[in-house]
Amino acid sequence: MEHEATVEGIGVGVGEEGAGAPVVLLRAGGQYVPIFVSADQAQSMQLAIDEEPFERPLTHDLLIEMLSEFGGAIDRVRIDDLADGTFYAKIDAEQYNEGSRKDAVFDARPSDGIAIALRVDCPIVVDDGVVEAAGRPPEAFEVDDEAGEFGGEELDELGDFEEEDDEFGGFGDDPDEFGR
């Protein structure tokens, strides 16, 4: 089963030791699914949310422009797996050539998929197993809108990269893993 997701915010995970890695919070199936991303990916997503063009095309913009030029379109982004602390995603696309439709599926990092979905306004869906493994109730997060930071008991634990925590799918000690 899949759950349609919305991007609830992009910010910085905050733990006992202060601000940590950038995180995007997806709301899916009544839960929040936090996915740690790189600062560049977070910036790209925020620019898309704010509908602010960058002075030169970012990689996500370039990919969409190229796909469009070749008669293609993005249908949806699926976050379909979580294994060893790494999220996995697929981008479902289509191409029309001489009246004929060809479907294509591309492996992607969730952070790239989300950044692209925000630009083309296509659905983001999260697999039930991913929501079950990584989802947390919204009340588990404290949001500091002014600082763009997410805190709270649950995210504090996620932000502690030195300690594996099976409750959160055994996330590793490298925050860069989370955007893959």
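Residues numbered from 1 in each chain as written. Predicted model: local features only at pLDDT ≥ 70, side-chain atom pairs only at ≥ 80, totals over all residues. Heavy atoms only, no water.

## Here's the deal with unusual backbone geometry
Then comes step 1: Not every positive phi belongs to a glycine, and Glu-98 is a case in point at roughly 55°.
Then comes step 2: Judged by its relative accessible area of 81%, Glu-98 is exposed.
Then comes step 3: Located in the positive-phi region is Asp-121, a residue other than glycine, with phi close to 55°.
Then comes step 4: Locating Asp-121 in the fold gives a position in the loop between helix H3 (110–120) and strand S7 (124–127). (Buried < 20%, exposed > 50% of the residue type's maximum accessible area, 1.4 Å probe, protein only. Helix = DSSP H or I, 4+ residues; strand = E, 2+ residues; numbered from the N terminus.)

## Side note on the side chain of His-3
Then comes step 1: In this fold, His-3 is placed in strand S1 (residues 2–15).
Then comes step 2: Residue His-3 is classed as buried on the basis of its relative accessible area, which comes to 15%.
Then comes step 3: Once residues lying within four places of it in the same chain are set aside, the contact partners of His-3 are Ala-28, Gly-29, Ile-124, Val-125, Val-126, Asp-128 and Val-131. (Contact = heavy atoms within 4.5 Å.)

## Topic: the side chain of Asp-92
Then comes step 1: Following the sequence through the fold, Asp-92 ends up in strand S5 (residues 86–97).
Then comes step 2: Within the structure, the side chain of Asp-92 is placed 2.7 Å from the side chain of Arg-76, a separation counted as a polar contact.
Then comes step 3: Aside from chain neighbours lying at most four places away, what touches Asp-92 is Ile-74, Asp-75, Arg-76, Arg-78, Ala-104 and Val-105. (Polar contact = N/O pair within 3.5 Å; in protein donor to acceptor, adjacent residues only side chain to side chain.)

## Some thoughts on the packing of helix H1 (residues 39–49) against H3
Then comes step 1: Direction vectors running N to C along H1 and H3 enclose 15°, while the axes themselves pass 8 Å from each other. As judged from the angle between their axes, H1 and H3 are roughly parallel. Between H1 and H3 the crossing geometry is left-handed. Taking contact as the criterion, the partners of Gln-41, Ser-44, Met-45, Ala-48 and Ile-49 in H1 are, on H3, Ser-111, Asp-112, Ile-114, Ala-115, Leu-118 and Arg-119.
Then comes step 2: Looking at the contact of H1 with H3 residue by residue, the class counts come to 6 nonpolar, 3 polar and 2 charged. (Axes fitted to C-alpha atoms, helices over the stretch in contact; angles between N-to-C directions. Parallel < 35°, antiparallel > 145°, perpendicular 65-115°, else oblique. Left-handed = near helix turned anticlockwise from the far one by under 90°. Nonpolar A, V, L, I, M, F, W, Y, C, P; charged D, E, K, R; others polar.)

Structural measurements only, silent on function.
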